[in-house]
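Next come the chains, spelled out residue by residue.
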Amino acid sequence: MLNVTGVSGGYGEQIVVKNISFHLQQQEILGILGPNGSGKTTLMKLISGLLPPQEGTISFKGLKLSDYSSKQLAKEIAVLPQLHSHAFDYTVRETVCMGRYPHQKGMFAPWTEQDEKAVIDAMEQTGVLQFEKHSIQDLSGGERQRVFLAQALAQEPKLLLLDEPTNHLDLSYQKQLLDLLKEWTTSHELTVISIFHDLNVASLYCDRLLLLHHGETVKLASPGAVLKKETVEQVYQARIHTQAHPELPKPQVTLLPKHGQSGDDFITKDLFHISSDHVHLTAPQPLKTLSSAVIGPGLGWHRHFVNRHVPMDYQCDDSYQDMCNYAGEWGWNPSDTVGMMTAVMVEDVVIKEFKTQELSIVIAVTAGVGNAVDVALAHEREHPSSIGTINIWLFVNGKLSDEAFIQAMMTVTEAKVKALQHADVKDPLTNTLATGTATDSVMVAATQSGNSVQYAGPITDLGKMIGKGVVLCTTEAIQQYSKRKKHL
Ligand SMILES: Nc1ncnc2c1ncn2[C@@H]1O[C@H](COP(=O)(O)OP(=O)(O)OP(=O)(O)O)[C@@H](O)[C@H]1O
């Protein structure tokens with residue numbers, strides 16, 4: 001519906017945007033991104049017809065913008081500029097009603113039912129109907145922004161141009177505004193072009209992104225293709241990290257400040273506290289963790305680590321809450337804590353340090369194998385036979401990449417399987433070699449300071465230490481478990 005072909009333009013002699021081309025589909029949301037001064041607003045002015053292009057053409061529904069009268073154009077295209085300063089003392093309702101002007105035939109045209117409905121709908125949907133009679137001068141920046149959006153929506157345009165629409169809006173209204181726009185693209189066949197500074201919001205709501213730099217197109221594609229680490233870092237001159245959104249296939253960008261985590265405190269054996277109740281460690285600074293723990297699972301940053309002993313007959317409907325309560329009772333903030341449980345006597349924990357010139361790690365293992373399982377034949381069993389868990393903690397004094405975290409988990413698991421083979425632990429149901437127990441848990445934690453580690457597979461420096469260390473610690477922990485069983 002909108003064709004921008006080889007457009008260049010700017011102010012007087014100064015060409016600000018250069019050779020921009022794109023085709024916009026009906027109902028699409030296009031986000032325009034770029035650093036300050038990259039020409040985003042200027043491009044919007046060209047698309048809205050406010051600035052004539054110095055080169056190239058812009059056509060809307062097959063007609064050049066210059067062939068539309070300003071009233072015809074206003075019926076089709078609405079603009080919500082940045083930082084609206086309104087000098088006049090209009091009420092909210094009067095302001096929104098102005099959006100109907102392009103639809104009225106002549107100065108004294110009657111106010112129709114359709115005009116009224118469009119105004120009320122727009123005020124309702126932007127949440128400003130309650131301020132209908134207030135002067136817009138008495139509203140907050142965010143409320144005012146919503147009034148001007150209502151005005152633009154009351155205009156019932158086919159193309160809506162927005163400059164930083166979520167500026168001034170709190171999180172809840174940002175979401176409401178963008179959800180509303182998304183909904184209008186289908187319910188009112190609306191097409192949207194919007195400038196964003198917030199790359200994550202743009203990624204979430206836009207179908208495509210146009211990234212500008214020095215007035216030129218760097219990339220025009222889906223958010224996943226535009227928000228690449230190298231591209232964003234080069235254009236914005238800032239260090240970033242990209243990761244997947246937790247619920248949608250959209251990238252999210254995180255700024256990496258110049259100074260990372262301060263301090264290079266090491267994790268050592270001496271930091272562990274062992275009692276009959278739990279094995280516990282409080283790190284001098286938060287560690288980046290990946291775990292399958294009861295609390296603090298997945299990827300996160302945590303300072304407290306606890307492996308809690310529970311009785312053999314431990315039954316709890318909400319073990320997550322129970323573990324949070326436990327951490328709280330000991331003064332460890334649950335949101336700062338990785339917590340695991342085991343029926344094993346935790347005094348039997350095996351803790352060892354391993355070092356190379358570049359790296360050092362600490363491994364802590366508690367092992368009970370009463371519940372051993374051969375994963376290949378686990379489909380034959382219905383319920384775990386008895387309590388017994390292998391909990392493995394790996395602390396790395398180093399800076400792990402994402403792939404190193406995952407590979408470290410794999411290497412730990414492979415080493416654990418090998419230790420079970422060495423110890424000839426069998427699945428009691430199938431009488432075949434066990435590969436673990438039904439409820440094993442693993443955590444990899446890294447200080448994220450010091451030497452960088454890209455990979456942690458079995459033949460890397462880190463992988464070699466993990467392999468050797470986990471086999472040693474797990475084997476010894478199984479021996480402790482067997483000794484204790486014999487004495488019972
Ligand atoms: N009315 C104007 N007259 C002359 N130059 C202008 C005018 N408006 C903008 N410029 C210049 O054009 C360039 C691009 O400005 P523009 O406002 O389009 O950038 P932007 O990407 O929207 O920036 P921001 O993110 O800071 O809003 C800047 O160098 C700016 O100084």
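Remember, predicted model here, so these are calculated numbers, not experimental data.

**Some remarks on the overall build of the chain**
A tally of helices and strands in the chain yields 12 helices and 24 strands. On C-alpha atoms alone, the chain measures out to a radius of gyration of 31 Å, which is more than a quarter above the 23 Å that the 2.2 N^0.38 rule sets for 488 residues. Among the 488 residues that make up the chain, the fraction classed as buried is 49%. Taking contacts inside the chain between residues at least 6 apart in sequence as the whole, the part at least 24 apart equals 69%. A total of about 23700 Å² of accessible surface is found on the chain, and carbon and sulfur atoms cover 53% of it. Here the chain holds 41 positive side-chain charges and 53 negative ones, and the gap between their average locations is 4 Å.

**What about the domain arrangement of the chain?**
Domain boundaries in the chain define domain 1 (2-255) and domain 2 (269-487). Distance between the C-alpha centres of domain 1 and domain 2: 51 Å.

**Here we look at the packing of helix α5 (residues 141-154) against helix α6 (residues 171-187)**
Interaxial distance between α5 and α6 falls to 12 Å at its minimum, and their mutual angle equals 5°. For the element pair α5 / α6, the angle class is roughly parallel. Counted together, Arg146, Leu149 and Leu153 of α5 and Tyr173, Leu177, Leu180, Leu181 and Trp184 of α6 form the full contact between these two elements. Counted by class, the contact of α5 with α6 contains seven nonpolar, no polar and one charged residues.

**Focus on the pattern of salt bridges**
Counted by the stated rule, this structure contains 17 salt bridges. With a closest N to O distance of 2.9 Å, lysine 117 and aspartate 121 form a salt bridge. With lysine 117 and aspartate 121 both in helix α4 (residues 113-125), this residue pair falls four residues apart, about one helical turn. Given the relative accessible area of 23%, aspartate 121 is considered partly exposed. Connected through salt bridges with shared partners, the residues Arg93, Glu116 and Glu132 form a single ionic network.

**Quick notes on the sheet that holds strand β3 (residues 29-33)**
Strand order in the open sheet formed by six strands is β6-β7-β8-β3-β9-β10, and the pairing between neighbours is mixed. Where the open sheet ends on each side, the last strands, each with one partner, are β6 (77-80) and β10 (216-221). The sheet shows a mean angle of 15° between the axes of neighbouring strands, direction not considered. Judged from the five bridges that link them, strand β7 (residues 159-163) and strand β8 (residues 191-195) form a sheet pairing that is parallel. Residue pairing across strands places leucine 160 opposite valine 192, the latter belonging to β8. Packed onto the sheet, α5 meets β6 and β7 and runs at close to 160° relative to β7.

**Quick word on helix α11 (residues 402-422)**
Its 21 residues give α11 an end-to-end C-alpha distance of 31 Å, which sits within 8% of 30 Å, the value for a rise of 1.5 Å per residue. Along α11, the positions that sit buried rather than exposed are Ala404, Phe405, Ala408, Met409, Thr411, Val412, Ala415, Lys416, Ala419 and Leu420. Looking one or two places after α11, you find aspartate 424, whose phi comes out positive at around 55°.

**With respect to a nonpolar patch on the surface**
Taken together, the side chains of Phe88, Tyr90 and Met98 present a nonpolar region at the surface, about 280 Å² in accessible area. On the secondary structure map, phenylalanine 88 appears in the loop between β6 and α3 (92-97).

**Some details on the environment of aspartate 198**
With respect to the secondary-structure elements, aspartate 198 resides in the loop between β8 and α7 (199-205). Accessibility expressed as a relative area gives 34% for aspartate 198, which makes it partly exposed. Within the local environment of aspartate 198, its side chain forms a polar contact with the backbone nitrogen of valine 201, the two atoms lying 3.1 Å apart.

**Some remarks on unusual backbone geometry**
One non-glycine residue, asparagine 19, adopts positive backbone phi at about 50°. Tracing the backbone shows asparagine 19 in strand β2 (residues 14-24). Located in the positive-phi region is asparagine 431, a residue other than glycine, with phi close to 60°. Looking at the secondary structure, you find asparagine 431 in the loop between α11 and β22 (436-437).

**Details of the pairing of strand β17 (residues 350-355)**
With six bridges connecting them, β17 and strand β18 (residues 360-367) associate as antiparallel partners. Among the inter-strand pairings, lysine 352 is bridged to a residue of β18, identified as isoleucine 363. If you look at the hairpin formed by β17 and β18, you'll find four residues sitting between the two strands.

**Section: the site of the ligand**
Every residue near the ligand is listed here: Tyr11, Gln14, Val16, Pro35, Asn36, Gly37, Ser38, Gly39, Lys40, Thr41, Thr42 and His197. With respect to the ligand, the side chain of glutamine 14 contributes an N or O atom lying 3.4 Å from a nitrogen atom. In the model, an oxygen atom of the ligand is placed 3.1 Å from a nitrogen or oxygen of the serine 38 main chain. Isolated, the ligand exposes 630 Å² of accessible area, and the fraction of that covered by the protein chains is 61%. Of all the elements in the fold, those that place two or more residues in the shell around the ligand are β2 and α1 (40-48). Split by residue class, the shell around the ligand holds three nonpolar, eight polar and one charged.

Thresholds applied
- Residues numbered from 1 in each chain as written.
- Predicted model: local features only at pLDDT ≥ 70, side-chain atom pairs only at ≥ 80, totals over all residues.
- Heavy atoms only, no water.
- Helix = DSSP H or I, 4+ residues; strand = E, 2+ residues; numbered from the N terminus.
- Rg over C-alpha atoms; globule rule 2.2 N^0.38 Å.
- Buried < 20%, exposed > 50% of the residue type's maximum accessible area, 1.4 Å probe, protein only.
- Contact = heavy atoms within 4.5 Å.
- Areas by Shrake-Rupley, 256 points an atom, 1.4 Å probe, with all protein chains shown as cover.
- Lys, Arg positive; Asp, Glu negative; His and termini not counted.
- Charge placed at Lys NZ, Arg CZ, Asp CG, Glu CD.
- Domains from an automatic or database assignment.
- Axes fitted to C-alpha atoms, helices over the stretch in contact; angles between N-to-C directions.
- Parallel < 35°, antiparallel > 145°, perpendicular 65-115°, else oblique.
- Nonpolar A, V, L, I, M, F, W, Y, C, P; charged D, E, K, R; others polar.
- Salt bridge = Lys/Arg side-chain N within 4 Å of Asp/Glu carboxyl O.
- Pairing = 2+ DSSP bridges.
- Expected span 1.5 Å × (residues − 1).
- Patch = residues over 30% accessible without salt bridge, like charges linked within 9 Å, V, L, I, M, F, W, Y side chains within 5 Å.
- Polar contact = N/O pair within 3.5 Å; in protein donor to acceptor, adjacent residues only side chain to side chain.
- Near = heavy atom within 4 Å.

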